Amino acid sequence: MMSKRKEELGKGIRALLRDMDPGEGPLSGTSVLAANTEIELSAIELNPFQPRSRFDEQALAELTASIRIHGVIQPVTVRRLDSGRYQLISGERRLRAARAAGLTRIPAYVRSTNDQEMLEIGLVENIQRENLNALEIALHYQRLIDECGLQHDELAARVGKDRSTVTNYIRVLKCIPEIQQALKNDSISLGHAKVFSGLSDPVAQLDLFRRSQAKDWSVRQLEREASHYKPGKKQKSPSTETALHPELRKLQDKLSSSLSTRVRIQPGRSGQGQVLIQYHSAEDLQRIADMLR
């Protein structure tokens, strides 16, 4: 029953996304109440489920200038509220630019949809329409899985990708923050991040990441290094590590991942102990200190 409901929801969303081209009329069988009508800008509320949190100011200014000359070419999509007002489903850039251009009305498709559909529509539209980096796409995919209850194959069908592609994006979220930041800045590729995500030890990820950055490894070179990766000698007693309680080991790994360095928890008696944080340079120490603040 759940699978059938998700399939029907997916069909409705795919129909909606196909229907967003201003040159096409609304498709039959979808929840359109009115198409290509004009609505007062003051009557439209922003979408509280909008997954996008930042907008390129220069691109927004260029769109505003274009709207002043040509008007809004592509209608926004809204849903009608019980109050008689409207809530934006998609097209926040156009809405912002139209307001900045001094328009009072905007062309819109009016639809009937619930909160769950609004969230999924917003996420899917952002993935398909925006120039997102690989990390942002991965985070969007994860939200669709967590908040919309989708499996990887269902998500792949929604966004028009292979299941393996979706899985590869999701896997990069297992990388330590330093690697995720590099992916966000486009200083490494999705292929690099995929290799790093295959290492379960966050310290191993960090070590291999720093070596790969210093030597500017290709994905193929990184794969070769990762396949026979051997960490440096550990300055610790084997008995201490093996005796660590599973919950403490889990916390130790989480701290290592969060701080992007090796963290060791050494429990003592009567609930006392110490936490050792490794740093590699004065700059690395300052980075860790800033994070701890």
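As the structure is a computational prediction, the values presented were derived from the model and not from experiment.

Novice: Just to check I follow, could you spell out the pairing of strand E3 (residues 76-80) for this structure?
Specialist: Strand residues, when the strand is regular, have side chains that alternate between the two faces of the sheet. A large share of E3 lies buried, amounting to 4 of its 5 residues. Pairing geometry for E3 and strand E5 (residues 105-111), over 4 bridges, is parallel. Paired with Arg79 across the strands is Arg111, a residue of E5. Relative to strand E4 (residues 86-90), E3 runs antiparallel, the two being bridged by 4 bridges.

Novice: Looking at this structure, I do not really get the environment of Leu190. What am I missing?
Specialist: Here Leu190 lies in helix H9 (residues 190-197). In sequence terms Leu190 and Asn133 are 57 residues apart; their C-alpha atoms lie 9.5 Å from each other. In contact with Leu190, not counting residues within four places along its chain, are Ala134, Asn168, Tyr169, Val172 and Leu183.

Novice: I would appreciate a short explanation of the confidence of the model for the chain in the present structure.
Specialist: Regions with low pLDDT carry predicted coordinates that are not meant to be interpreted in detail. Averaged over the chain, the pLDDT score is 77; the fraction of residues at 70 or greater is 76%. Below a pLDDT of 50 lies the segment residues 8-34, which in the model reaches 53 contacts outside its immediate sequence neighbourhood of four places, other chains included. Confidence drops under pLDDT 50 across residues 233-242; counting only partners more than four residues distant or on other chains, this segment forms 8 contacts.

Novice: Help me understand a nonpolar patch on the surface in this model?
Specialist: Residues Val275, Ile277 and Leu292 make up a contiguous nonpolar surface patch of roughly 260 Å² in combined accessible area. Note on placement: Val275 falls in strand E7 (residues 273-277).

Novice: Mind showing me how you'd approach the pattern of salt bridges here?
Specialist: Side-chain pairs of opposite charge can arise where the charged atoms are in close proximity. This structure, assessed with the given rule, holds 7 salt bridges. For the salt bridge of Arg105 with Glu38, the shortest nitrogen-to-oxygen distance reads 3.5 Å. Here Arg105, found in strand E5, pairs with Glu38, found in strand E1 (residues 32-40); they are 67 residues apart in sequence, far enough to count as distant. A residue is classified by how much of its surface remains accessible, and Arg105, at 35% relative accessible area, is partly exposed.

Novice: In this structure, what is going on with the nonpolar core? I would like to understand it.
Specialist: Tyr141, Leu144, Leu155, Ile188, Phe196 and Leu208 are the most contacted members of the largest nonpolar core, which totals 37 residues. Sorting the residues of this core by element identifies helix H4 (115-129), helix H5 (134-148), helix H6 (152-159), helix H7 (163-171), helix H8 (177-184), H9, helix H10 (202-215) and helix H11 (219-227) as the ones contributing at least two each. It is H5 that provides the largest number of residues to this core, a total of 8 residues. One finds Leu41, Ile44, Val76 and Ala101 within the second-largest nonpolar core, a separate group that totals 19 residues.

Novice: Would you mind showing me how to read the packing of aromatic side chains here?
Specialist: Geometry of an aromatic ring pair is reported as the spacing of the ring centres plus the angle between the planes. Scanning all chains against the criterion turns up 2 aromatic pairs. Relative to Phe209, the ring of Phe196 has its centre 5.8 Å away and its plane inclined at 75 degrees; by these criteria the two rings are edge-to-face. One end of the pair, Phe196, is in helix H9; the other, Phe209, is in helix H10, and 13 residues separate them in sequence. Residue Phe196 is classed as buried on the basis of its relative accessible area, which comes to 0%.

Novice: Quick question: what am I supposed to make of the environment of Glu117 here?
Specialist: In this fold, Glu117 is placed in helix H4. Glu117 sits in the partly exposed class, given a relative accessible area of 23%.

Novice: Sorry, what's going on with the pairing of strand E6 (residues 263-267) here?
Specialist: Within E6, 4 of the 5 residues are buried, which leaves it mostly tucked inside the rest of the structure. Where E6 lies against E7, 5 bridges are found, and the strand directions are antiparallel. By the bridge assignment, Ile265 is partnered in E7 with Val275. Where E6 folds back on E7, the antiparallel hairpin that results is connected by 5 residues, among which Ser270 adopts a positive phi of roughly 55 degrees.

Novice: Can you help me understand the environment of Arg171 in this one?
Specialist: Considering the arrangement of structural elements, one finds Arg171 in helix H7. Residue Arg171 is classed as partly exposed on the basis of its relative accessible area of 26%. Distance in space between the C-alpha atoms of Arg171 and Ala138 is 8.2 Å, their sequence separation being 33 residues. Residues in contact with Arg171, not counting those within four places in the same chain, are Lys194, Ser197 and Gly198.

Novice: Could you clarify how one ought to interpret the side chain of Asn168 in this entry?
Specialist: Mapped onto the fold, Asn168 is located in helix H7. Ignoring sequence-local partners within four residues, the contact set of Asn168 consists of Leu190 and Lys194.

Novice: Which parts of the structure should I look at to understand unusual backbone geometry?
Specialist: Note: most residues except glycine have negative phi, and most peptide bonds are trans. Backbone geometry places Asp186, a non-glycine residue, at a positive phi of 65 degrees. Locating Asp186 in the fold gives a position in the loop between H8 and H9. In this structure Asp186 comes out as exposed when scored by relative accessible area, which is 60%.

Novice: How should I be thinking about the packing of helix H2 (residues 57-70) against helix H3 (residues 92-100) in this particular structure?
Specialist: The relative placement of two packed helices comes down to the angle between their axes together with the axis-to-axis distance. Running from amino to carboxyl end, H2 crosses H3 at an angle of 60 degrees, the nearest separation of the two axes being 8 Å. As the angle between them shows, H2 and H3 are arranged oblique. Crossing geometry of H2 relative to H3 is assigned as right-handed. For the pair H2 and H3, the contacting residues are Ala59, Leu60, Leu63, Thr64, Ile67 and Arg68 in the first and Arg93, Arg94, Arg96, Ala97, Ala98 and Ala100 in the second. Classifying every residue of the contact of H2 with H3 gives 7 nonpolar, 1 polar and 4 charged.

Thresholds, definitions, all that
- Residues numbered from 1 in each chain as written.
- Predicted model: local features only at pLDDT ≥ 70, side-chain atom pairs only at ≥ 80, totals over all residues.
- Heavy atoms only, no water.
- Buried < 20%, exposed > 50% of the residue type's maximum accessible area, 1.4 Å probe, protein only.
- Helix = DSSP H or I, 4+ residues; strand = E, 2+ residues; numbered from the N terminus.
- Pairing = 2+ DSSP bridges.
- Contact = heavy atoms within 4.5 Å.
- pLDDT = per-residue confidence, 0-100.
- Patch = residues over 30% accessible without salt bridge, like charges linked within 9 Å, V, L, I, M, F, W, Y side chains within 5 Å.
- Areas by Shrake-Rupley, 256 points an atom, 1.4 Å probe, with all protein chains shown as cover.
- Salt bridge = Lys/Arg side-chain N within 4 Å of Asp/Glu carboxyl O.
- Core = buried A, V, L, I, M, F, W, Y, C linked by side-chain atoms within 4.5 Å.
- Phe/Tyr/Trp six-rings, centres within 6.5 Å; stacked < 30°, edge-to-face > 60°.
- Axes fitted to C-alpha atoms, helices over the stretch in contact; angles between N-to-C directions.
- Parallel < 35°, antiparallel > 145°, perpendicular 65-115°, else oblique.
- Left-handed = near helix turned anticlockwise from the far one by under 90°.
- Nonpolar A, V, L, I, M, F, W, Y, C, P; charged D, E, K, R; others polar.

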